[in-house]
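# Topology and contacts: notes
Now for the letters of each chain:
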Amino acid sequence: MGFARTCSVALVGVEGVVVEVQADLEPGVAAFTLVGLPDKSLSESRDRVRAAVVNSGGEWPQKKLTVGLSPASVPKSGSGFDLAVASAVLGASERIDPRVLADIVMIGELGLDGRVRPVRGVLPAVLAAADAGYEQVVVPESTAAEASLVPGISVLGVRSLRQLIAVLTDEPVPHEEPDQTGRPDPLLAGLCLPGAGLGGGLSALGAGGLDQAHDFADVVGQQSARTAVEVAAAGGHHVFLQGPPGAGKTMLAERLPSILPPLPRAQSLEVTAIHSVAGMLPPGKPLVDIPPYCAPHHSSTMQSLVGGGAGIARPGAVSLSHRGVLFLDEAPEFSGQALDALRQPLESGHVVIARSAGVVRFPAQFMMVLAANPCPCGRFNQAGDGCDCTPSAIRRYQARLSGPLLDRVDLRVQVERVTRAELTAVGTGGETTRTVADRVRAARERAALRLGETPWRTNGEVPGHLLRTRWRPEPGSMAEPERCLERGLLTARGLDRVLRVAWTIADLAGRGRPDKTDVDLALQLRTGVPRGVPLAIGAPG
């Protein structure tokens, strides 16, 4: 009787569970049984593994073969167990020393010819292996750079099963000829889902003022909207832009990621893990170090926004925009069910999805930007234009954004139509992206220094009770927001969000704590009611 074991990783959402892959050979009729709660794609690995072993020069054992995946209670899916199953079978048949395999984690899909193909989710799988105390992993060669992002673990990238056998048996490693030059490498096809990337609404627009295609200087006028976007970037606040078609709402949203600072290392690994699981990690760029930007179409379903799908749930747009920007253009055209599903992640920073196959938790801490027209035709309240919508149609259109959802939005700005004088004027462009990005970075550094002993790094994350007790504004500066609370113009959540925005404005202006001017500007950006405060924010002279 032959027995061998090695390890692989089962992903549940973006969290991994180390799975022991055991192979047992017994005398009897030749058969291959795979047990341990596998899904359809994993059950098919029996034929892939058999063909790969034979075509790699190995001998398939003509005995009763049982492969077990332990723990058996954890659902297992995908083709990433192929490499571990093949190695365990070769260890049981004594082609490889079983003692060598015991402490190695193997991740990869096998082609029928023995080539090792990449799979999605390599980074979270290697992170799970490192957390479990393993020090060696074997991955496909094309994902070795992604796996190497995890510190303290030895990564072996192989291109074929023949190479892995040679390494584990101390034989000369065969050279694998690359595919014909000038053609795309077919081994990279496993990294991205068809239709992912830009076509799926995901694009990284750059950070730190390096995105030349989206410069804030291109935005004409719109001082209040520019201020709101800058405040949102500095404090991690949500924004609602309302205005007629062509006023520049989409331009402003597209330029928001360009003024966000690059992601710290820990946040980069979080974002990369999500994109790796979703199949949206660009080949050749193993680490996502800039805030992502996701702009789903208004016909998107609730599952595509918050995550879900058949079987094990997959990340949605709110998770793909984690640590970045989620832009919902034409927000009232989204289904009410999909929009209301955003309320929970906006508060908690994560999504919990329960399915029959298990419960999955995805991180979803994002900046939401809503854009909407004032009415279905877009000309309501515009001087000189006739609105064709009936009052009831306008009310229905504006009511599609529920009160509880808008209460979670920190900044609500009216984007006015650009005038002819503003559009044709020469030399009156606004500040460039680099100038605004430098100010945003300095404000975030001030906030991070103040919040250094807490788990939060931006003002948008700080609980309201701490802002009212530990970090107080100037005495008397909250009088007007408190009066609005008494009159029912603000909720308790709205009062906390005004205080958060006031702290961000103070950080942008370089003040130690918010004064009455900062609070009044925050209240104006929250309610849209003018309060006679200047909209321009800059560093103190």
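The preceding data block contains the structure.
Described in the following lines is the structure provided in the data block.

Cut-off values and rules
- Residues numbered from 1 in each chain as written.
- Predicted model: local features only at pLDDT ≥ 70, side-chain atom pairs only at ≥ 80, totals over all residues.
- Heavy atoms only, no water.
- Helix = DSSP H or I, 4+ residues; strand = E, 2+ residues; numbered from the N terminus.
- Buried < 20%, exposed > 50% of the residue type's maximum accessible area, 1.4 Å probe, protein only.
- Contact = heavy atoms within 4.5 Å.
- Areas by Shrake-Rupley, 256 points an atom, 1.4 Å probe, with all protein chains shown as cover.
- Lys, Arg positive; Asp, Glu negative; His and termini not counted.
- Charge placed at Lys NZ, Arg CZ, Asp CG, Glu CD.
- Salt bridge = Lys/Arg side-chain N within 4 Å of Asp/Glu carboxyl O.
- Polar contact = N/O pair within 3.5 Å; in protein donor to acceptor, adjacent residues only side chain to side chain.
- Core = buried A, V, L, I, M, F, W, Y, C linked by side-chain atoms within 4.5 Å.
- Phe/Tyr/Trp six-rings, centres within 6.5 Å; stacked < 30°, edge-to-face > 60°.
- Axes fitted to C-alpha atoms, helices over the stretch in contact; angles between N-to-C directions.
- Parallel < 35°, antiparallel > 145°, perpendicular 65-115°, else oblique.
- Left-handed = near helix turned anticlockwise from the far one by under 90°.
- Pairing = 2+ DSSP bridges.
- Expected span 1.5 Å × (residues − 1).
- Arc of directions from axis to C-beta.

## Things to note about the overall build of the protein
Check the secondary structure of the protein and you find 22 helices and 17 strands. Principal-axis analysis of the C-alpha atoms gives the protein an extent of 85 × 50 × 45 Å. Taking all 541 residues of the protein together, 51% fall into the buried category. Contacts in the protein between residues far apart in sequence, at least 24 positions, make up 72% of those at least 6 positions apart. When the accessible surface of the protein is summed, it comes to about 23,300 Å², and 52% of that surface belongs to carbon and sulfur atoms. If you average the places of the 54 positive and of the 56 negative side-chain charges in the protein, the two averages end up 6 Å apart.

## Structural notes on the side chain of Arg500
Tracing the chain through its elements places Arg500 in helix 21 (residues 492–509). For the buried Arg500, no salt bridge exists, and the shortest N-O distance to an oppositely charged side chain is 5.2 Å, to Asp410. Side-chain polar atoms of Arg500 contact the backbone oxygen of Val462, separated by 2.9 Å. Not counting the four nearest positions on each side in its chain, Arg500 is found in contact with His237, Asn459, Gly460, Val462, Pro463, Gly464 and Leu467.

## Things to note about the nonpolar core
Ranked by internal contacts, the top residues of the largest apolar core, which has 53 residues, are Val231, Leu256, Ile259, Leu411, Ile505 and Leu525. For this core, the element with the highest residue contribution is helix 21, accounting for eight residues. Setting aside chain neighbours within four positions, we find Leu256 in contact with Phe216, Val229, Ala233, Val325, Met367 and Val369. Val67, Phe81, Ala92 and Ile165 belong to the second-largest nonpolar core, a separate cluster that totals 38 residues.

## Considering the packing of aromatic side chains
Following the criterion strictly, the structure yields two aromatic pairs and no others. Ring centres 5.6 Å apart and planes at 45 degrees place the aromatic pair Phe32 and Trp60 in the tilted group. A residue pair is termed long-range when its members are at least 10 positions apart, and Phe32 in strand 3 (residues 31–35) and Trp60 in the loop between helix 2 (45–55) and strand 4 (64–70) qualify at 28 residues. For the residue pair Phe32 and Trp60, the accessibility class agrees, reading buried in each case. Ring geometry for Tyr293 against Phe327: centres 6.5 Å apart, planes inclined by 25 degrees, an arrangement best described as stacked. Of this pair, Tyr293 sits in strand 12 (residues 293–294) while Phe327 sits in strand 13 (residues 325–328), and the two are 34 residues apart along the sequence.

## Thoughts on helix 5 (residues 122–131)
In terms of burial, helix 5 is a largely internal element, seven of the ten residues being buried. Within the sequence span of helix 5, burial applies to Val122, Leu123, Pro124, Ala125, Val126, Ala128 and Ala129. Just beyond helix 5, the residue with positive phi is Gly133, at close to 100 degrees.

## Observations concerning unusual backbone geometry
Along the chain, Ser70 connects to Pro71 via a cis peptide bond; the corresponding omega equals 10 degrees. Topologically, Pro71 is positioned in the loop between strand 4 and helix 3 (82–92). Positive phi values are uncommon outside glycine, yet Leu37 reaches one of about 65 degrees. Structurally, Leu37 can be placed in the loop between strand 3 and helix 1 (40–43). You can call Leu37 partly exposed: its relative accessible area is 47%. With phi around 50 degrees, Glu330 is a residue other than glycine that occupies positive phi space. Following the sequence through the fold, Glu330 ends up in the loop between strand 13 and helix 13 (336–340). Given the relative accessible area of 27%, Glu330 is considered partly exposed.

## Considerations on the pattern of salt bridges
Once their charged atoms are close, side chains differing in charge can pair, the charge on each being opposite to the other. Inspection of every chain in the model, using the stated rule, returns 27 salt bridges. Here Asp340 and Arg343 are joined by a salt bridge, their closest N and O atoms 3.5 Å apart. Asp520 serves as the salt-bridge partner of Lys516, at 2.7 Å between the closest nitrogen and oxygen. Of this pair, Lys516 and Asp520 both sit in helix 22 (residues 516–527), four residues apart, which is roughly one turn of the helix. Sharing partners across several salt bridges, the network here consists of Glu347, Asp407, Arg408, Asp410, Arg493, Arg497 and Arg526.

## Things to note about the packing of helix 2 against helix 3
Closest axis-to-axis distance for the helix 2/helix 3 pair is 10 Å, and the angle between their directions is 60 degrees. Taken together, the axes of helix 2 and helix 3 are oblique relative to one another. The element helix 2 and its partner helix 3 pack so that their crossing is right-handed. Residue-level contacts link Ser45, Arg48, Val49 and Val53 of helix 2 to Asp82, Val85, Ala86 and Leu90 of helix 3.

## Thoughts on the pairing of strand 1 (residues 2–12)
Pairing between strand 1 and strand 2 (residues 15–26): eleven bridges, direction antiparallel. Pairing of Ala10 across the sheet is with Val17, part of strand 2. Between strand 1 and strand 2, which follow one another and run antiparallel, lie two residues, and Gly13 among them has a positive phi close to 75 degrees.

## Describing helix 18 (residues 433–450)
The first and last C-alpha atoms of helix 18 sit 26 Å apart over 18 residues, in line with the 26 Å expected at 1.5 Å per residue. Every buried residue of helix 18 is accounted for by Thr433, Val436, Ala437, Arg439, Val440, Ala443 and Ala447. Taken end-on, helix 18 shows its buried residues confined to a sector of 160 degrees, consistent with a single buried face. Lining the buried residues of helix 18 we find helix 8 (223–235) and helix 21.

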